[in-house]
Amino acid sequence: MAQQSLPATGREWHLVARPQGWPTPADFALVEAPVTAPAPGHVLVRNEYLSVDPYMRGRMNDAKSYAPPYALGEAMHGGAVGRVVASAAEGFAVGDAVLHGLGWREYAAVPAGQAFKVDADAAPLQAYLGVLGMPGLTAYAGLLRVGRFQEGEAVFVSGAAGAVGSVVGQVAKLRGASLVVGSAGSDEKVRKLVEEYGFDAAFNYKNGDVAGQLAKAAPEGVDVYFDNVGGEHLEAAIGALHLHGRAVLCGAIAQYNDTTPPAAPRNLASVIGKRLTLQGMLVGDHYDLQREFVAEVGGWLAEGRLRFEETVVDGFENAVDAFLGLLRGANTGKMLVRVS
Ligand SMILES: NC(=O)c1ccc[n+]([C@@H]2O[C@H](COP(=O)([O-])OP(=O)(O)OC[C@H]3O[C@@H](n4cnc5c(N)ncnc54)[C@H](OP(=O)(O)O)[C@@H]3O)[C@@H](O)[C@H]2O)c1
């Protein structure tokens, strides 16, 4: 078996209590765990970048969902990229760059079938956690397949300065949208959306009611709404959607830390008259689009026509802070943790 010299232990983040409402640092523990040579059919990966994602908040609850809850007292899971430091699996060599699902730890023993080699020359490793990874595919599949976006249509996207939303808005523009409007939680994010990401209009949802601000930005309404937020945003979008409009229900981050059900949307009945389609989506259903997505979005990236931003928190020990920051909107673009 090929391997580099390994440390005796590596750190991992465990969930130790189920958050009630907003998570706090006390819900997590930084734990030293032994690092051992990989079992047959496994590779040992030293993680370089970890992804922190909004869906992780849902996995901290003990509730039935599309993904099982994180177990208490065990390392959490999540996207990560790193290098193979020991291999007991055919087809993997020390030094290979891989993407896998055992984040929240410095060293990960990954079954070979769950480690995906990535081309570190084609893009920086961490891009496979963001614009060329799960969030990018979510944006692409959600807008084009689930939202059935067509050239010439008007689009509204919430969470527009984040990993998914920033790609949604840019793909819509590059595919010929007549209007792209975004909402985000700071004036600086709003400025960037218009001046740097090519959105036609954007507004800060913290500056006033969403419906009123959306009506100003898109007085004629929209054809597609890409929902990352839920609640008041979804209500406003239902009001603004044209006849036969589509809403892609991708996320509802406004309510992930709520302990009571959301008050909005209160206008669901207008879905009937306008014959709207409100469709939930999970990126896991759309990996058949991966090749097409990488070819088109990767091409725009290479040509400099699509921008992406990362907010990188340094240090494995700061991963929980990065996750909490993500929930508060501390990121523009993809929130990442650089392990060291
Ligand atoms: N269905 C799927 O398969 C799938 C896959 C990936 C992601 N998602 C969902 O897509 C959404 C975006 O994910 P992402 O990874 O791209 O995260 P992200 O947008 O990069 O980061 C989360 C952002 O949510 C915003 N936010 C926090 N609280 C908010 C609130 N009360 N109202 C409005 N915005 C709020 C913050 O930005 P502001 O400063 O703008 O508030 C924050 O930066 C999330 O809802 C996530 O769960 C779904």
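Residues numbered from 1 in each chain as written. Predicted model: local features only at pLDDT ≥ 70, side-chain atom pairs only at ≥ 80, totals over all residues. Heavy atoms only, no water.

**Q** Tell me about the site of the ligand, and please be specific about residues and values.
**A** K189, Y205, Y256, V283 and N331 are the nearest of the 26 residues found near the ligand. Note that a nitrogen atom of the ligand is positioned 3.0 Å from one of the backbone N or O atoms of C250. Between the ligand and M281, the relevant distance is 2.8 Å, taken from a nitrogen atom to a main-chain nitrogen or oxygen of the residue. Relative to its free-state accessible area of 900 Å², the ligand is covered by the protein chains to the extent of 91%. A per-class count over the shell around the ligand returns 17 nonpolar, 8 polar and 1 charged. (Near = heavy atom within 4 Å. Polar contact = N/O pair within 3.5 Å; in protein donor to acceptor, adjacent residues only side chain to side chain. Areas by Shrake-Rupley, 256 points an atom, 1.4 Å probe, with all protein chains shown as cover. Nonpolar A, V, L, I, M, F, W, Y, C, P; charged D, E, K, R; others polar.)

**Q** Can you tell me about the pattern of salt bridges, naming the residues and giving the values?
**A** Where charged atoms of side chains with opposite charge meet at close range, the side chains can pair. For the structure on display, the rule yields 18 salt bridges. When the shortest N-O distance is used, the salt bridge between D314 and R338 registers 2.7 Å. In this pair, D314 is assigned in strand β15 (residues 310–314) and R338 in strand β16 (residues 334–338), connecting sequence segments 24 residues apart. Looking at D314, the relative accessible area reads 42%, which means it is partly exposed. Put simply, E188, R191, K192, E195, E196, R307 and E309 are held in one network by salt bridges that share partners. (Salt bridge = Lys/Arg side-chain N within 4 Å of Asp/Glu carboxyl O. Helix = DSSP H or I, 4+ residues; strand = E, 2+ residues; numbered from the N terminus. Buried < 20%, exposed > 50% of the residue type's maximum accessible area, 1.4 Å probe, protein only.)

**Q** Any details on the nonpolar core? Residues and values, ideally.
**A** Soluble globular proteins: nonpolar side chains tend toward being buried together. The biggest cluster of nonpolar side chains holds 48 residues, and the ones touching the most others in it are V131, L143, V171 and V297. Looking at which element gives the most residues to this core, the answer is helix α2 (residues 134–146), with 7 residues. Among residues more than four places away in sequence, those in contact with V297 are V131, L132, Y140, V171 and L306. F323, L324, L326 and V339 belong to the second largest nonpolar core, which has 23 residues in total. (Core = buried A, V, L, I, M, F, W, Y, C linked by side-chain atoms within 4.5 Å. Contact = heavy atoms within 4.5 Å.)

**Q** Before we move on, can you summarise empty space enclosed by the protein with the specific residues and values?
**A** What the rule picks out here adds up to 1 cavity of 30 Å³ or more. By volume, the largest cavity amounts to about 60 Å³. Lining the largest cavity, in full, are G130, V131, G162, A163, S166, V167, F308, E309, G333 and K334. The element contributing the most residues to the lining of the largest cavity is helix α3 (residues 163–174), with 3 residues. Of the residues contributing to the lining of the largest cavity, the split by class is 4 nonpolar, 4 polar and 2 charged. (1 Å grid on protein atoms, 1.4 Å probe; cavity = no way out; pocket = protein on both sides within 12 Å on 5 of 7 lines; lining within 4 Å. Points joined across faces, edges and corners; volume = space filled by probe spheres on them.)

**Q** Lay out helix α5 (residues 210–217) with the relevant residues and their values.
**A** Residues of α5 that are buried: V210, Q213, L214 and A217. The arc that holds every buried residue of α5, seen down its axis, measures 100°, which confines them to one face. The opening residue of α5 is D209, an N-cap whose side-chain oxygen sits 2.8 Å from the backbone nitrogen of G212. (Arc of directions from axis to C-beta.)

**Q** Any chance you could break down unusual backbone geometry for me, citing the residues and the numbers?
**A** Put simply, A264 and P265 share a cis peptide bond, and its omega is 5°. Structurally, the position occupied by P265 is in the loop between β13 (241–249) and α7 (270–273). Positive phi outside glycine occurs at R148, with the angle close to 50°. Topologically, R148 is positioned in the loop between α2 and β9 (154–157). Judged by its relative accessible area of 41%, R148 is partly exposed. With a phi angle near 65°, H244 is a residue other than glycine that sits in the positive phi range. Of note, H244 is situated in strand β13.

**Q** Let's hear about the sheet that holds β9: which residues, and what values?
**A** If you trace the 6 strands from one edge of the open sheet to the other, you get β11-β10-β9-β12-β13-β14, paired in parallel fashion. In this open sheet, the two strands that pair with only one neighbour each are β11 (201–204) and β14 (277–280). On average, adjacent strands in this sheet sit at an angle of 15° to one another, irrespective of strand direction. Pairing analysis gives 4 bridges linking β13 to β14, with the strands arranged parallel. Its bridge partner being in β14, R246 is matched across the sheet by T277. Running at roughly 175° to β11, helix α4 (residues 187–195) makes contact with β10 (179–184) and β11 of the sheet. (Pairing = 2+ DSSP bridges. Axes fitted to C-alpha atoms, helices over the stretch in contact; angles between N-to-C directions.)

**Q** Outline the packing of α2 against helix α8 (residues 290–302), supporting the account with residue identities and numerical values.
**A** The N-to-C vectors of α2 and α8 enclose an angle of 95°; their axes lie 10 Å apart at closest approach. It follows from the interaxial angle that α2 and α8 lie roughly perpendicular. Across the interface between the two elements, G136, L137 and Y140 from α2 touch Q290, E292, F293, E296 and V297 from α8. Of the residues in the contact of α2 with α8, the class split is 4 nonpolar, 2 polar and 2 charged. (Parallel < 35°, antiparallel > 145°, perpendicular 65-115°, else oblique.)

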